[in-house]
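Examining the three-dimensional arrangement
The lines below spell out each chain.
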Amino acid sequence: MNAARHVLTLARFGCKVAASQPRTQLRRLQSTYVKPATGVNPAYDEAVKIIDAYAAKKTAEATAAAGELAQARGSGTVNEEQIGALKKKWFDLAVEAEINDPEVLWSAKQGKYDLTRPVFLHLREQAWRGRPLEILMQRLLQMFVLPDLLDPRDVGTPSAQLNIALAANPQDVLEPGSIIDPSEAREQPEIELVKFHEDSRLHTLVMVDLDEPLETQQTFREQFHWVVANIPFSKSQSKANIADALTLLPYVPPHPARGTPNHRYAFVLFEQGENGSNRLESFEVSRDSVLRTFAAQHDLRPAGISFFRASWNESVDDVYRDVLQQTPPNYGIAPTPRSDIGPDGRKINAYENF
């Protein structure tokens, strides 16, 4: 089987094509794939027969597994753990049936990749669990988002990919730890959670500033900027529909105070209790809450996490005046008056009167 797959790959793509394609190529608007003609290369023809036979076998097994799953769901006597095992069995067989045929990844009807097919989710998960997940965890730890915000043991390895895109440029996903201009986040960002399971589960989104000054204790504290509960996500629904969810705290733009260092703004998507089936009712949330306590009180488990950073500029003062209805604070050290500097900021010539 492996030898046949190798021959087929060489015949289809040639030796110049790497084993894994860049992620950007999966977003092409038009497919450039052309299936090689049969009857030209006997080795290719034989490889096609072997792989097609293998795909047909796995397709039949996947169909049978789907039937088992439907029967188990209808019986009402099978527990959630058994249902989960049957889902995994079907998913793995469906991936094996399609993994060797690039044409399956392309939906001619829609004119784009069919993102809901098991094989695409499998490939996307494999791509994310490589370098992108490594970079995310590295920056979370190096910039002390973990453990300042949550216990790394509670977070573990995120089970889903959380993407943040600013409203001004929703197509551009922010790299974890990016430094942005605060004015770019004046409107609430677009949230995407790429889940790698079939069923829809409810999630709670929390945005937290880890570096809000606490002047009375000469330190920093957490401040909640945004809390939204009951957001459904699944393999076919990755965009957050905030309008239909339960907003517990409305969005407040980043407002790093003057004189403070870069603020870390973390976004955490928690899966709600009972494997995402527990729907939260409306309750009061303080902006001075602590995320660890909040998560424990409401049975929330971290599923995805990301963050960006921002520092003060003049646009922040507008947020204080227009949104928070406060006088913009200034934590910087007042400059020492200098007798050798004039009102225009230029140095006075000591000998100008002589």
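Look above for the structure.
Here is a short report on the structure shown in this document. Keep in mind that this is a model prediction, so the values were computed, not measured.

1. Points about the nonpolar core
- Among the nonpolar cores identified, the biggest contains 31 residues, and Leu149, Phe224 and Leu291 are the most heavily contacted of them.
- Sorting the residues of this core by element identifies α5 (131-142), α6 (145-148), β6 (201-214), β7 (219-233), β8 (246-249), β9 (263-271), α9 (291-297) and β10 (301-310) as the ones contributing at least two each.
- Element by element, the count of residues in this core is highest for α5, at four residues.
- Excluding its chain neighbours within four sequence positions, the residues that come into contact with Phe224 are Val206, Met207, Val208, Leu249, Val285, Ser286, Arg287, Ser289, Val290, Leu291 and Phe294.
- If you look at the next biggest cluster of nonpolar residues, it comprises 24 residues, including Leu162, Leu174, Met207 and Tyr265.

2. Quick look at the sheet that holds β7
- Strand order in this open sheet of six strands is β4-β10-β9-β6-β7-β8, and the pairing throughout is mixed. The strands lining the two open edges of the sheet, one partner per strand, are β4 (178-179) and β8.
- Strand direction decides the pairing type here: β6 and β7, joined by eleven bridges, are antiparallel. Bridging from a neighbouring strand, Val208 pairs with Phe224 of β7.

3. Points about the pattern of salt bridges
- Scanning the model with the defined rule gives 18 salt bridges in all.
- Of the charged contacts, one joins Lys58 and Glu61 as a salt bridge, the two residues approaching to 3.3 Å between their closest N and O atoms. Pair noted here: Lys58 and Glu61 are both in helix α2 (residues 42-75), with a separation of three residues, about one helical turn.
- The shortest N-O distance in the salt bridge between Arg264 and Asp211 comes to 2.8 Å. Remark: Asp211 occurs in strand β6 and Arg264 occurs in strand β9; sequence separation between them is 53 residues.
- For Asp211, a relative accessible area of 9% translates into the label buried.
- Because the salt bridges share partners, they merge into one network encompassing Lys195, Arg201, Glu271 and Arg301.

Quick notes on the rules
- Residues numbered from 1 in each chain as written.
- Predicted model: local features only at pLDDT ≥ 70, side-chain atom pairs only at ≥ 80, totals over all residues.
- Heavy atoms only, no water.
- Core = buried A, V, L, I, M, F, W, Y, C linked by side-chain atoms within 4.5 Å.
- Buried < 20%, exposed > 50% of the residue type's maximum accessible area, 1.4 Å probe, protein only.
- Helix = DSSP H or I, 4+ residues; strand = E, 2+ residues; numbered from the N terminus.
- Contact = heavy atoms within 4.5 Å.
- Pairing = 2+ DSSP bridges.
- Salt bridge = Lys/Arg side-chain N within 4 Å of Asp/Glu carboxyl O.

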